[in-house]
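# Observations on chain architecture
One letter stands for each residue in the lines below.
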Amino acid sequence: MIYCEGLVKIFKSDDIEVVALQGLNLTVNQGEMMAIIGNSGSGKSTLLNMLGGLDRPSAGQVNVGGWDLLKIRDDQLVEYKRNTVGFVWQNNGRNLLPYLSALENVEMPMLLSGKLDRAYAKQLLEWVGLKDRMHSKLHQLSGGEQQRVAIAISLSNRPKLLLADEPTGSVDTATSDQIMNIFRNVNRELGITVVIVTHDLTLAGKVDRVVAIRDGLTSTEFLKRNPNLDLATMENGGFHQGGLQEVHEAFVVVDRVGRLQVPKEYLEAVGIQGRASMEFDGDKIVITAPKSLEEENA
Ligand SMILES: Nc1ncnc2c1ncn2[C@@H]1O[C@H](COP(=O)(O)OP(=O)(O)OP(=O)(O)O)[C@@H](O)[C@H]1O
């Protein structure tokens, strides 16, 4: 569904250049539900905006659902955004209209694309648990309910890919669980590929695969140890306390030409700066602080 290789995004303003993505690789399979984590400024939103067609990449390859987003024409980009992707933000303000009802809000993008389908709009609101509130005005709904309306809107164009940027950033734990369950249903029952960007490791723990971004590159990948373990089992087993490591195994990402990112803490702990020694003992690759020549000759 998503294939990025060597993806680069450079922001230029006046004479300052910020390299937000510096050759990022990422593959997401059709029907997957996965999360992207990373510190503030690591490039998560930049990546999501590229994938959503909201911003253009500077270089590299990025292909989503058969569209080459580097070469795509402006008119094709409109079609891509209309038919292929749905977007959910932390801040609903961007796509909700406060004085319209929940139902009218869901119908709005359908109207704009000339494909009004009231029955489907109602079905979507039922799907996100708002059957009884569909005629309430947006401003009469709680933050969590508004977020669920936003999810219904993001599905109104029947996308193949749903992108969510910190979708539970401003809601409580119970609402956050409810939202994650909606994503899980959307993924399982509608077969939509779901990519969630988050800071929240408990949230990330609820998906099968997590990719960590550091300094504009994918650095670590976490895979669920037992993919058959479902959400209910994880929650009953006290998963909420455990975070990501309890259910997932961490792997360092090695790109096509063999590059990998070594965590800064590891480098500092063994005093590596600028260069390192690397040895292969037939079984393991050992990276250490550089040995001095005298030591080698001793
Ligand atoms: N429009 C822009 N112009 C200039 N620099 C930008 C722009 N957007 C993002 N950046 C820079 O690119 C880098 C990556 O930003 P990005 O918003 O993608 O990070 P993030 O991981 O989503 O962070 P956060 O979790 O805080 O949202 C940062 O250094 C940021 O300052």
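Residues numbered from 1 in each chain as written. Predicted model: local features only at pLDDT ≥ 70, side-chain atom pairs only at ≥ 80, totals over all residues.

## Observations regarding the confidence of the model for the protein
In this model, the protein carries a mean pLDDT of 87, and residues with pLDDT of at least 70 account for 90%. Long-range and interchain partners of residues 231-242, a stretch whose pLDDT sits below 50, account for 10 contacts in this model, where long-range means more than four residues apart. For this predicted complex, the interface confidence reaches an ipTM of 0.95, while the overall pTM sits at 0.87. (pLDDT = per-residue confidence, 0-100. Contact = placed C-beta atoms within 7 Å.)

## Here we look at the sheet that holds strand β2 (residues 16-28)
Pairing within the open sheet is antiparallel, and its four strands lie in the order β2-β1-β4-β5. Every other strand in the sheet has two partners, leaving β2 and β5 (67-68) as the edge strands with one partner each. Here strand β1 (residues 2-13) runs beside β2; their pairing, made up of 10 bridges, is antiparallel. By the bridge assignment, Ile-2 is partnered in β2 with Val-28. (Pairing = 2+ DSSP bridges. Helix = DSSP H or I, 4+ residues; strand = E, 2+ residues; numbered from the N terminus.)

## With respect to the packing of helix α3 (residues 102-112) against helix α4 (residues 118-127)
At a closest axis distance of 9 Å, the pairing of α3 and α4 adopts a crossing angle of 125 degrees. By the criterion of interaxial angle, the relationship of α3 to α4 is oblique. The handedness of the crossing between α3 and α4 is right-handed. Contacts between α3 and α4 involve Ala-102, Leu-103, Val-106, Glu-107 and Met-110 on the former and, on the latter, Arg-118, Ala-121, Lys-122, Leu-124 and Leu-125. (Axes fitted to C-alpha atoms, helices over the stretch in contact; angles between N-to-C directions. Parallel < 35°, antiparallel > 145°, perpendicular 65-115°, else oblique. Left-handed = near helix turned anticlockwise from the far one by under 90°.)

## Focus: the nonpolar core
What tends to happen in soluble globular proteins is that the nonpolar side chains get buried as a cluster. Ranked by size, the top nonpolar core spans 63 residues in total, and within it Ala-35, Val-106, Leu-125, Val-149, Ala-152, Leu-163 and Val-210 carry the most contacts. A domain-level breakdown of this core finds at least three residues from each of domain 1 (1-84 + 161-261) and domain 2 (95-158). In contact with Leu-125, other than residues within four places in its own chain, are Ala-102, Leu-103, Val-106, Leu-130, Lys-131, Met-134 and Ala-152. (Core = buried A, V, L, I, M, F, W, Y, C linked by C-beta atoms within 7 Å. Buried ≥ 20, exposed ≤ 12 C-beta atoms within 10 Å, placed from the backbone. Domains from an automatic or database assignment.)

## Observations regarding the packing of α3 against helix α5 (residues 143-154)
Between α3 and α5, the shortest axis-to-axis distance is 9 Å and the interhelical angle comes to 30 degrees. Considering their axes alone, α3 and α5 lie roughly parallel with respect to each other. Relative to α5, α3 is oriented so that their crossing is right-handed. Contact residues: Ala-102, Asn-105, Val-106 and Pro-109 in α3; Val-149, Ala-152 and Ile-153 in α5. When the residues that make up the contact of α3 with α5 are grouped by side-chain class, the tally is six nonpolar, one polar and no charged. (Nonpolar A, V, L, I, M, F, W, Y, C, P; charged D, E, K, R; others polar.)

## Focus: the site of the ligand
Taken together, Phe-11, Ser-13, Val-18, Ala-20, Gly-38, Ser-40, Gly-41, Ser-42, Gly-43, Lys-44, Ser-45 and Thr-46 make up the full set of residues near the ligand. Counting only elements with at least two residues in the shell around the ligand, the list comes to β1, β2 and α1 (44-51). In terms of residue count, the dominant contributor to the shell around the ligand is α1 (three residues). Split by residue class, the shell around the ligand holds three nonpolar, eight polar and one charged. (Near = placed C-beta within 6 Å.)

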